[in-house]
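# Analysis of the macromolecular model
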Amino acid sequence: MRLDHGDALRYLGAGEQAPEELRLAVERTAAMLEESVQPSFVYRVFDLERRAEGMFLRGAELLLPGEMAQTMLADCSQAALLACTLGSRFDAMLLAEQARDMARAVILDACGSALVEAGCDEAERQIAARLPEYFLTDRFSPGYGDLPLELQRDICAVLDSRRRLGLHVTDSLLLNPVKSVTAVIGISERPQMARIRGCACCAMREHCTLRKGGNHCGL
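Should their charged atoms come close, side chains of opposite charge can pair. Summed over all chains, the structure comprises 14 salt bridges. Between R58 and D47 there is a salt bridge, and its shortest N-O distance comes to 4.0 Å. Of this pair, R58 sits in strand 2 (residues 54-58) while D47 is found in strand 1 (residues 40-51), placing the two residues 11 residues apart along the sequence. The partner of K179 in a salt bridge is D109, and the shortest N-O contact between them spans 3.2 Å. Highlighted residues: K179 in the loop between strand 7 (175-176) and strand 8 (180-188) and D109 in helix 5 (residues 102-130), separated in sequence by 70 residues. Classification of K179 by relative accessible area gives buried; the value is 11%. Linked through salt bridges whose partners overlap, the residues forming this network are D47, E49, R51 and R58.

Judged by how many residues are buried, strand 4 (residues 76-85) sits mostly within the fold: 9 of 10 residues are covered. For strand 1 and strand 4, the ladder comprises 8 bridges, and the chain directions are antiparallel. Paired with R44 across the strands is L81, a residue of strand 4. The pairing of strand 4 with strand 8 spans 9 bridges and is classified as antiparallel. Within strand 8, the position partnered with C76 by the bridge is S188.

Take the pairing of strand 8 next. When you tally the buried positions in strand 8, you get 9 out of 9 residues, the bulk of the element. Here strand 8 shows no split at all, with S180, T182, V184, G186 and S188 on one side and V181, A183, I185 and I187 on the other all buried. Where strand 5 (residues 135-140) meets strand 8, 4 bridges bridge the pair, whose relative direction is antiparallel. Bridging from a neighbouring strand, F135 pairs with S188 of strand 8.

Going through the model one piece at a time under the given rule, you end up with 0 aromatic pairs. Taking NZ or CZ as reference, R51 lies 3.7 Å from the ring centre of F56, over its face.

Procedures and definitions
- Residues numbered from 1 in each chain as written.
- Predicted model: local features only at pLDDT ≥ 70, side-chain atom pairs only at ≥ 80, totals over all residues.
- Heavy atoms only, no water.
- Salt bridge = Lys/Arg side-chain N within 4 Å of Asp/Glu carboxyl O.
- Helix = DSSP H or I, 4+ residues; strand = E, 2+ residues; numbered from the N terminus.
- Buried < 20%, exposed > 50% of the residue type's maximum accessible area, 1.4 Å probe, protein only.
- Pairing = 2+ DSSP bridges.
- Phe/Tyr/Trp six-rings, centres within 6.5 Å; stacked < 30°, edge-to-face > 60°.
- Lys NZ or Arg CZ within 6 Å of the ring centre and 35° of its normal.

What follows is the structure, given as structure tokens:
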């Protein structure tokens, strides 16, 4: 699985005008990382039920409250829960690089973010192939918009991610290993044209270093 170099550059606060030296460093780091680590993921698809208090995933016995879930899943009959991680090996690589060279560690961290996103993209492709007559929404994660971050625990429990991926949620609601993602993807019988994207919907908008620098992550 290959990571998108452009995504890595955006995570670094750069973009199309990134200096050649940085581009080459990203290419080298990406190649090394892809040889060493690959994303692992698990997903499950559930029927969706609309309730007054939110969108309910039957079988998962999980309620997704708030306007974000209502909007993203408004036209959907099913939803997939997804967890994806680079695993503990990436954490060890990052710690070792931080001890040797912080500049290179920052590049490795950005490449790790891009690679876990590539894993999520591959999971979406598999879901789409499994359900060729349906259409997927954009994926959205706990902490995005008004979807509670606490849902990380529920999603990981439903997917049995600790046993299957070695992925768990810390007491502070962070995912461990660090390069991990949980997400919800709506599944509809009709094409999904409406998308909720951008900094205004992101729970990290007040603390995001990319936004403070005038950039964005591409989401």
